[in-house]
Amino acid sequence: MPTPTVAPARSSGMRGMGQDRGPGRPRVWAEILLIAVCYGAYSVVRNLVPTRHAEAMQRAHEILAAERSLHLDLEDTVNQFFVDVRWLGVAANYYYATLHFAVTIGVLGWLYARHPKRYGHYRLLLFATTVSALLGFWFYPLAPPRLLPGYVDTVLALHTWGLYDSSPIASVSNQYAAMPSLHTAWSLWCALAVINVVRRPWVKVLAVIYPALTITVILGTSNHFILDALGGAVVLAGGHVLTQALTRAARPAQRLCRSGVGA
């Protein structure tokens, strides 16, 4: 009696599973190159923003006046607390200088490795949010609180290394790119990605805590106003709108490609 063959069915099932997984991940070296090129272009454009010192300082005073009228002027109190509690101020300086990049890259890598179906969407959202922030830097130069009288630059006061400070070393970077807070925008992006992908409640809680800590740090180090943080949320929303528009525009081309492959 002939032996039944089950290999074709098993193979068919495996092909079906492969199709369910959708398109494969992009090549890792290509992704690293793309992210590096995009961030390099962002840095160049950010630092090409015309230096308008008087305008940026005037806007800082206007932002502070608006916050005082709304009873949102928390920066001075939080900043002084970080200066008085030295270890907290030192930790905040290093937090501000490093986690902004480390956590964002970590979430990108995690999406790439563990959730490739979601990776493309969130990468595009991150790029769109960053481009939206560049528009804010270009059209709304704003000095950070640490450049105003009465506020303390924690990097200088606590003698630590930091991303920005008010010393001459800072002249190589655009000091008036405070609105919106990209630290806030990227931290909210990280939280959004994690909350929408993971199932464990405690991980979702940590994801919510991260932008809350980031906003506290940008105030405590006197790098941003509270309205800058609100601006970060706005550019993330703008990035979402742009991502949705680009995704819809790309769908006809994707369908055409699939039709061509099927033919």
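Check the entry above for the structure.
Residues numbered from 1 in each chain as written. Predicted model: local features only at pLDDT ≥ 70, side-chain atom pairs only at ≥ 80, totals over all residues. Heavy atoms only, no water.

### A closer look at the overall build of the protein
Here's step 1: Counting its secondary structure elements, the protein contains 10 helices and zero strands.
Here's step 2: Mapped in sequence order, the helices and strands of the protein form the string α-α-α-α-α-α-α-α-α-α.
Here's step 3: Per-residue burial over the protein gives 39% buried out of 263 residues.
Here's step 4: When contacts within the protein are restricted to residue pairs at least 6 apart in sequence, long-range pairs at least 24 apart make up 83% of them.
Here's step 5: Just so you have it, the protein exposes about 14900 Å², and 68% of that area is on carbon and sulfur atoms. (Helix = DSSP H or I, 4+ residues; strand = E, 2+ residues; numbered from the N terminus. Buried < 20%, exposed > 50% of the residue type's maximum accessible area, 1.4 Å probe, protein only. Contact = heavy atoms within 4.5 Å. Areas by Shrake-Rupley, 256 points an atom, 1.4 Å probe, with all protein chains shown as cover.)

### Notes on the pattern of salt bridges
Here's step 1: Under the defined criterion, the tally for this structure stands at four salt bridges.
Here's step 2: Where E55 meets R59, a salt bridge forms, and the shortest distance between an N and an O atom there is 2.9 Å. Linking E55 with R59, this pair stays in helix α3 (residues 53-69), spanning four residues, or about one helical turn.
Here's step 3: The partly exposed category is assigned to E55, whose relative accessible area is 29%.
Here's step 4: Note on R59: relative accessible area 16%, which makes it buried. (Salt bridge = Lys/Arg side-chain N within 4 Å of Asp/Glu carboxyl O.)

### Details of the environment of V45
Here's step 1: Take V45: it is sitting in helix α2 (residues 28-48).
Here's step 2: Here V45 falls in the partly exposed class, since its relative accessible area comes to 33%.
Here's step 3: The sequence separation of V45 and L134 amounts to 89 residues, and the corresponding C-alpha distance is 7.7 Å.
Here's step 4: With residues near it in sequence (within four places) discarded, V45 still touches L134 and W138.

### Looking at the nonpolar core
Here's step 1: One finds V107, L111, Y122, F137, L182, W189 and V194 to be the most contacted residues of the largest nonpolar core, which totals 37 residues.
Here's step 2: Contributing elements (two or more residues each) for this core: α4 (75-84), α5 (86-114), α6 (116-139), α8 (182-197), α9 (201-220) and α10 (226-262).
Here's step 3: The biggest single contributor to this core is α8, with nine residues.
Here's step 4: Those residues in contact with L182 that lie beyond four places of it in its chain are Y42, H100, T130, A133 and F137.
Here's step 5: Of all hydrophobic cores here, the second largest spans 14 residues; its members include A56, A60, I63 and M179. (Core = buried A, V, L, I, M, F, W, Y, C linked by side-chain atoms within 4.5 Å.)

### Some thoughts on the side chain of T214
Here's step 1: When you line up the elements, T214 lands in helix α9.
Here's step 2: Looking at T214, its side chain comes within polar contact range of the side chain of Y95, at 2.9 Å.
Here's step 3: Leave out the neighbours within four places in its chain, and T214 touches Y95, H183, T184 and S187. (Polar contact = N/O pair within 3.5 Å; in protein donor to acceptor, adjacent residues only side chain to side chain.)

### Concerning unusual backbone geometry
Here's step 1: For the bond running from M179 to P180, omega is 5°, close enough to zero to count as cis.
Here's step 2: Mapped onto the secondary structure, P180 falls in the loop between α7 (154-158) and α8.
Here's step 3: Of note, H71 is a non-glycine position whose phi angle comes to about 60°, a positive value.
Here's step 4: By the secondary structure assignment, H71 is in the loop between α3 and α4.

These results come straight from atomic positions and should not be treated as a statement about function.
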